[in-house]
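# Summary of the model geometry
If you want the building blocks of each chain, they are given just below.
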Amino acid sequence: MSAPPRLPDYGSVLEEVRKVRRAGVVRLREIDTPELSRIARDHPAGEGEPSGGTVEGLLRAAVFGIGGGSLQTAAEYSLGLAQGTRDWPPADRRRRAAQVYGVSVERFRKHHELMVLGQIAEQVVGLAARPPADAFPDTVRLPAAHRDLRLALHGRTVAVTVHVHSVDLLRDVDVVVSPTNTYFALPAAYKSSVSATLRRAGARKDPAGGLVEDHVHDELRGWVARHGTPGRAALPGTVVATSAGALADQGVRRIYHVAVAVPRPETNDYDVQSADITRGVARVFALLAEESRTADPPLTSLCLPLLGAGRGGLPPLESFGALWAAVEAELARGADWDIHFVVRRHARADLIERLLAGLAERGNP
């Protein structure tokens, strides 16, 4: 059996992805990419994924893992992976990627391109976190959808659960945290983000599927109206609590909406700062403690998604680091909350598990 995979350094992977962007995949043999080459060799793609075993195959698998949309399209153009672009000069590829977002080349270079290349690097790191192809030579195993971890932190054992499924499948978790923008404007219920999914799952419908009550949306709009902020942005890190609507049938009692996404004027893009995530999660814990004192029974469990790692464009590693800074600070002071994380992809769950396993191995004085 092979040794456990070595998690590569994100910065090294990102630098090599930048080299590929400048050269294009047509010139891969001319540039030095030792980290990408090692990952491609040790983690060839499996069935149902783009062919692996080469650096180009690895990059195609990483871009494929982004999951579609403008981000994936821009990634394909940036590296020369889109059909017919292998031999395009880097300036032409950048110009076409900028058109995907409807921005100038210069704005794309300074802002969007950093996000695009960062997401490709995160996908590569996630692929590297998977067991090598020969790790289970005799059996095929389904990865666990719920991972129970026990961490040695600050002189005590802390239980953490990582859920690998859509957020609307959570059960018996008192509070679910939902990322939102600083205007507390929820996306349409048919979209795929965490906030849209929670809005959809919290709504009451008639037997034919027609909307009867849009609980989460209406309560959030009510908060905005009561606090006199319609059309005016709240401070990043602001937290608003609503009921969970129909999710109460699954044992979810509250949704805490955290304003972490700051819209860019006259665009469809957002800016998310790690410090705002940490600040917002710290306020989540303060609100949880306040509401728990009057709730019957008390609130005891909290579930966090990777805030800002979707439309916000933060790499999952950076998002989790910002989350964990607030979580660990809360645990360090002796809080006894039942902590959960929820992600949709096993690669992200693998990353969280490896990061927390490292903390558990070292412990804290």
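Residues numbered from 1 in each chain as written. Predicted model: local features only at pLDDT ≥ 70, side-chain atom pairs only at ≥ 80, totals over all residues. Heavy atoms only, no water.

It is worth spelling out the overall build of the chain at this point. Scanning the chain from terminus to terminus reveals 11 helices and 10 strands. Every one of the 365 residues in the chain was classed for burial, and the buried ones make up 49%. Once local pairs closer than 6 in sequence are excluded, the contacts in the chain between residues at least 24 apart make up 64%. Accessible surface for the chain amounts to roughly 17400 Å². Of this, 51% is attributable to carbon and sulfur atoms. (Helix = DSSP H or I, 4+ residues; strand = E, 2+ residues; numbered from the N terminus. Buried < 20%, exposed > 50% of the residue type's maximum accessible area, 1.4 Å probe, protein only. Contact = heavy atoms within 4.5 Å. Areas by Shrake-Rupley, 256 points an atom, 1.4 Å probe, with all protein chains shown as cover.)

Further remarks concern the packing of helix α1 (residues 10-23) against helix α6 (residues 105-128). In contact at an axis separation of 9 Å, α1 and α6 are set at 120 degrees when each is read in the N-to-C sense. One way to sum up the angle between α1 and α6 is to call them oblique. Read as a crossing pair, α1 and α6 show a hand that is right-handed. In contact with Tyr-10, Val-13, Leu-14, Val-17, Arg-18 and Arg-21 of α1, α6 contributes Glu-113, Leu-114, Leu-117, Gly-118, Ile-120, Ala-121, Glu-122, Val-124 and Val-125. Broken down by class, the residue content of the contact of α1 with α6 amounts to 10 nonpolar, 1 polar and 4 charged. (Axes fitted to C-alpha atoms, helices over the stretch in contact; angles between N-to-C directions. Parallel < 35°, antiparallel > 145°, perpendicular 65-115°, else oblique. Left-handed = near helix turned anticlockwise from the far one by under 90°. Nonpolar A, V, L, I, M, F, W, Y, C, P; charged D, E, K, R; others polar.)

So, about α6. Relative to the 34 Å expected for 24 residues at 1.5 Å per residue, α6 spans 32 Å between its end C-alpha atoms, a close match to the ideal helical length. The largest bend in α6 is about 50 degrees, located at His-112. Within α6, 17 of the 24 residues are buried, which leaves the element mostly enclosed by the surrounding structure. (Expected span 1.5 Å × (residues − 1). Bend = angle between axes of the 7 residues up to and from the residue.)

Side chains on a regular strand alternate between the two faces of the sheet. Of all 7 residues in strand β3 (residues 175-181), 7 are buried; the element is thus mostly enclosed. Burial along β3 is two-sided: Val-175, Val-177, Pro-179 and Asn-181 facing one way and Val-176, Ser-178 and Thr-180 facing the other are all buried. Sheet analysis places β3 next to strand β7 (residues 254-263), joined by 7 bridges and oriented parallel. Within the sheet, the bridge partner assigned to Val-175 lies in β7 and is Arg-254. Both β3 and strand β9 (residues 301-304) contribute to a ladder of 2 bridges, which runs parallel. Bridge pairing links Val-175 to Leu-302 in β9. (Pairing = 2+ DSSP bridges.)

On to the confidence of the model for the chain, then. Mean pLDDT over the chain works out to 86, with 89% of the residues at or above the 70 mark. Averaged over each element, pLDDT in the chain is lowest for helix α11 (residues 346-362) (76) and highest for β9 (97). When the criterion is pLDDT under 50, residues 46-52 qualifies, and its contacts beyond four places in sequence or with other chains add up to 11 contacts. In the predicted structure, residues 361-365 sits below a pLDDT of 50 and forms 6 contacts with residues beyond four places in sequence or in another chain. (pLDDT = per-residue confidence, 0-100.)

Attention now moves to helix α3 (residues 55-64). One turn of an α-helix holds 3.6 residues; hence residues three or four places apart share an orientation. Counted residue by residue, α3 has 8 buried out of 10 residues, so it is predominantly covered. Among all positions in α3, only Val-55, Glu-56, Gly-57, Leu-58, Leu-59, Ala-61, Ala-62 and Val-63 are buried. Structurally, α3 contributes buried residues whose contacts are with α1, α2 (34-42), α4 (69-79) and α6.

Once that is clear, we can look at the pairing of strand β1 (residues 146-153). Here β1 shows one buried face, formed by Arg-147, Leu-149, Leu-151 and Leu-153, and one open face, formed by His-146, Asp-148, Arg-150 and Ala-152. Taken together, the 8 bridges between β1 and strand β2 (residues 156-164) define a ladder with antiparallel strand orientation. Note on β2: the bridge partner recorded for Ala-152 is Thr-157. Linking β1 back to β2 in an antiparallel pair, the connection comprises 2 residues, with His-154 at a positive phi of about 55 degrees.

Ranked by internal contacts, the top residues of the largest apolar core, which has 44 residues, are Tyr-256, Ile-277, Val-281, Trp-324, Val-327 and Phe-341. Once residues lying within four places of it in the same chain are set aside, the contact partners of Ile-277 are Val-260, Val-272, Leu-307, Leu-314, Ala-322 and Leu-323. (Core = buried A, V, L, I, M, F, W, Y, C linked by side-chain atoms within 4.5 Å.)

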